[in-house]
Structure formats: C-alpha cells, structure tokens
Amino acid sequence: MAETPATDGAAPRVTLFSRRDCHLCDTARRAVRAVCEPDGVAWAEVDIDTDPGLQDRYGELVPVVTVDGVQVGYWRIDPERIRSALH
C-alpha cells in the first residue's frame, strides 16, 4: 500500500483501490494526486489483489476511489467528484 501522509499526520481521507498493470489505475492515481497533494490531504493506495475480500468487493470495478469511506467513483475517476466529496 502506498500512502501520502497529510501534513497534520491525519489518517488518509482518500483511498484508491487499484491493481498492478492497470492503465485506468495509473490515470486515477494522477487524478487523486492532483486533488489531494496541493492541499495536503492524506491518501492511500491499496492493491486489491493482496486481499481476497477486496478482490470480491471491487473485482472488475477498479480503480475505485473512496473519500472518508464513501465510494465516489470507479473506472474513470473524475477529479471534481473527489474534490466535491472532500469539501
């Protein structure tokens, strides 16, 4: 799991569920960084293939992004939806 800590040491608010060799995941990662990093919002990336439960839950939906535990997007991640959910 990759993680970018917030400047205040808070737990990640945004989670990107992804898998290796996924071009949509690469694009989603850039979107999450673009939204989170300028404001110091903590985010984490979780490879669903390391956890059978996550594989069952997200399967072919990856990438999936959650904000504060609520799913805000899957497949093609919209940065504006992430930004809106954070505010």
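Residues numbered from 1 in each chain as written. Predicted model: local features only at pLDDT ≥ 70, side-chain atom pairs only at ≥ 80, totals over all residues. Heavy atoms only, no water.

*Asks:* Which residues make up the overall build of the protein, and what are the values?
*Replies:* For the protein, the helix and strand inventory stands at 3 helices and 5 strands. Start at the N end of the protein and walk to the C end: the helices and strands fall as β-β-α-β-α-β-β-α. The contacts in the protein between residues at least 6 apart in sequence include a share of 65% that link residues at least 24 apart. Accessible area for the protein stands at about 5,200 Å²; split by element, carbon and sulfur atoms hold 49% of it. (Helix = DSSP H or I, 4+ residues; strand = E, 2+ residues; numbered from the N terminus. Contact = heavy atoms within 4.5 Å. Areas by Shrake-Rupley, 256 points an atom, 1.4 Å probe, with all protein chains shown as cover.)

*Asks:* Can you explain the packing of helix α1 (residues 23-36) against helix α3 (residues 79-86)? Please cite residues and give values.
*Replies:* Think of two packed helices as two axes; the pair is described by the angle between the axes and how far apart they sit. At a minimum axis distance of 9 Å, the contact between α1 and α3 shows a crossing angle of 40°. The angle between α1 and α3 falls in the class oblique. The two elements α1 and α3 meet at a crossing, and its hand is right-handed. Where α1 approaches α3, its residues Ala31, Val32, Ala34 and Val35 are matched on the opposing element by Pro79, Ile82, Arg83 and Leu86. Grouping the constituent residues of the contact of α1 with α3 by class yields 7 nonpolar, no polar and 1 charged. (Axes fitted to C-alpha atoms, helices over the stretch in contact; angles between N-to-C directions. Parallel < 35°, antiparallel > 145°, perpendicular 65-115°, else oblique. Left-handed = near helix turned anticlockwise from the far one by under 90°. Nonpolar A, V, L, I, M, F, W, Y, C, P; charged D, E, K, R; others polar.)

*Asks:* Would you mind going over unusual backbone geometry in detail, with residue names and values included?
*Replies:* Put simply, Val62 and Pro63 share a cis peptide bond, and its omega is 0°. Its location among the elements puts Pro63 in the loop between α2 (52-58) and β4 (64-67). Not every positive phi belongs to a glycine, and Asp68 is a case in point at roughly 55°. Structurally, Asp68 can be placed in the loop between β4 and β5 (70-74). With phi around 60°, Trp75 is a residue other than glycine that occupies positive phi space.

*Asks:* Lay out the state of the cysteines with the relevant residues and their values.
*Replies:* Per the stated rule, a full pass over the model turns up 1 disulfide. Here Cys22 connects covalently by a disulfide to Cys25, the sulfurs 2.5 Å from one another. Negative torsions about the S-S bond denote left-handed disulfides, and the value of about 75° found for Cys22 with Cys25 makes this one right-handed. Of the two residues, Cys22 and Cys25, both sit in the buried class. (Disulfide = S-S within 2.5 Å. Buried < 20%, exposed > 50% of the residue type's maximum accessible area, 1.4 Å probe, protein only.)

*Asks:* Describe the pairing of strand β2 (residues 14-18), with residues and values.
*Replies:* Summarising burial for β2: 5 of the 5 residues are buried, a large majority. For β2 and strand β3 (residues 43-47), the ladder comprises 5 bridges, and the chain directions are parallel. Counted as the bridge partner of Ser18 is Asp47 from β3. Once the chain exits β2 it traverses α1 before rejoining the sheet at β3, and the crossover so formed is right-handed. (Pairing = 2+ DSSP bridges. Right-handed = clockwise from strand over helix to strand, strands pointing away.)

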